[in-house]
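Structural features, examined
Each chain, written out:
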Amino acid sequence: MQHIFLDFEMNQAPRRGNPNVPTALLHEIVEIGAVKLDADYRQTGKYSAFVKPQHFPIGAPCTRVTGITDATVENAKHLPEALEDFLRWIGEEPTRIYAWSDSDRNQLFHECREKGLWEGKPPKAFRRWIDFQRIYTRLLGLSKRNRISLKNAIGGIEVNFAGSQHSAADDAENSAALLTLLHDKEAFAERTRITRELMNAASAPPPPATTLGDLFGDALSQWEFAEDDQEETVGV
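These remarks concern the structure in this document. Just so it is clear, the model here is predicted, and its values are computed rather than measured.

Cut-offs used in this document
- Residues numbered from 1 in each chain as written.
- Predicted model: local features only at pLDDT ≥ 70, side-chain atom pairs only at ≥ 80, totals over all residues.
- Heavy atoms only, no water.
- Helix = DSSP H or I, 4+ residues; strand = E, 2+ residues; numbered from the N terminus.
- Expected span 1.5 Å × (residues − 1).
- Buried < 20%, exposed > 50% of the residue type's maximum accessible area, 1.4 Å probe, protein only.
- Arc of directions from axis to C-beta.
- Contact = heavy atoms within 4.5 Å.
- Pairing = 2+ DSSP bridges.
- Axes fitted to C-alpha atoms, helices over the stretch in contact; angles between N-to-C directions.
- Core = buried A, V, L, I, M, F, W, Y, C linked by side-chain atoms within 4.5 Å.
- Salt bridge = Lys/Arg side-chain N within 4 Å of Asp/Glu carboxyl O.

The subject of this paragraph is helix α3 (residues 79-90). Helix length check: α3 (12 residues) gives 16 Å between terminal C-alpha atoms against 16 Å at 1.5 Å per residue, within 8%. Among the residues making up α3, those that are buried are Leu79, Ala82, Leu83, Asp85, Phe86, Trp89 and Ile90. Along α3, the residues classed as buried sweep out an arc of 160 degrees about the axis, all on the same side. Each element contacted by the buried residues of α3 is listed here: β1 (2-12), β2 (27-37), β3 (43-50), β4 (95-99) and α4 (103-114).

What follows is the structure in structure tokens.
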């Protein structure tokens, strides 16, 4: 099993003036970033690609946050071709996808549905998703209403954020570093101690083991899709 940590950057068009446009198309993926980890959670690859939006030019909010402009994506592929490239990079090995929150998964699935991709069922590589922000927040002893940001999660283990925030590939790489940390239970307990104390979560015990199932338990109950024609939600 390989592990892919991904992040998307999105362009956002205003609802005002576009009342009949589906919400999923008011947000379009304009950058794909990901890192690949092997079965031992060691990074083996990094992926970065821009995506040209089909419906709206790059807006000022997107440029302000990400630095992406129309010139940036001028020669980029549209989403269908960009996803084909990304899937080739992922390869055929059984894959679990991780993202920081569920927003990336929701955007991908809704946007692809509105654009007529996948014929109702995602490619095999996209059928096992983990909301890692939810898991990491839980392991810190916080409630789901107090989810920690990626920047604060990285700062909480006393590591400088590598690269640029809101660069999809850099966000994915920093998120993956947190996943790797979880597999050293002593290091995780020590490097998150101050964060847990500051958030009154010091009583939350560190993970007792080093496998995904043991680390996360039922926190891994996320969207997965059956291999047959029926889709269902199952536990890992």
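This part covers the sheet that holds β2. The sheet built from 5 strands is open, its strands ordered β3-β2-β1-β4-β5 with mixed pairing. Each end of this open sheet is capped by a strand with a single partner; those strands are β3 and β5 (129-131). Averaged over neighbouring strand pairs, the angle between their axes works out to 25 degrees when direction is ignored. Seen against the sheet, α4 touches β1, β2, β4 and β5 and runs at an angle of roughly 125 degrees to β2.

Our next topic: unusual backbone geometry. Leave glycine aside and you will find that most residues have negative phi; peptide bonds, for their part, are mostly trans. One non-glycine residue, Tyr41, adopts positive backbone phi at about 65 degrees. Here Tyr41 shows up in the loop between β2 and β3.

Most often, soluble globular proteins have nonpolar side chains that are buried together. Trp100, Phe132, Tyr136 and Leu178 are the most contacted members of the largest nonpolar core, which totals 25 residues. Those elements giving two or more residues to this core turn out to be β2, α5 (132-139), α6 (150-156), α7 (168-181) and α8 (185-191). Sequence-distant contacts of Leu178, that is, excluding residues within four places in its chain, are made with Trp100, Phe132, Tyr136, Leu150, Ala153, Ile154 and Ile157. Judged by nonpolar contacts, the second largest core, of 24 residues, contains Ile29, Ala82, Trp89 and Cys112.

Mapping Asn106 onto the fold places it in helix α4. Judged by relative accessible area, which is 28%, Asn106 ranks as partly exposed. Taking the C-alpha atoms as reference points, Asn106 and Ala24, 82 residues apart in sequence, are found 9.0 Å from one another.

A separate point is the pairing of β1. The side chains of a regular strand alternate between both faces of the sheet. Counting buried positions along β1 yields 9 of 11 residues, so the element is predominantly enclosed. Across 4 bridges, β1 lies against β4 in parallel orientation. Within β4, the residue paired with Ile4 across the bridge is Ile97. Of the pairings in the sheet, the one linking β1 to β2 comprises 10 bridges and is antiparallel in character. By the bridge assignment for β2, Asp7 is matched with Gly33.

Below, the discussion takes up the pattern of salt bridges. For the structure on display, the rule yields 10 salt bridges. Glu173 is the partner of Lys46 in a salt bridge, and the nearest nitrogen-oxygen pair spans 2.6 Å. Of this pair, Lys46 sits in strand β3 while Glu173 sits in helix α7, and the two are 127 residues apart along the sequence. One salt bridge connects Asp85 with Arg88, and the closest N-O pair in it is separated by 2.2 Å. In this pair, Asp85 and Arg88 both sit in helix α3, 3 residues apart, roughly one turn of the helix. You can call Arg88 exposed: its relative accessible area is 58%. Each of Glu28, Glu111 and Lys115 takes part in one network of salt bridges that share partners.

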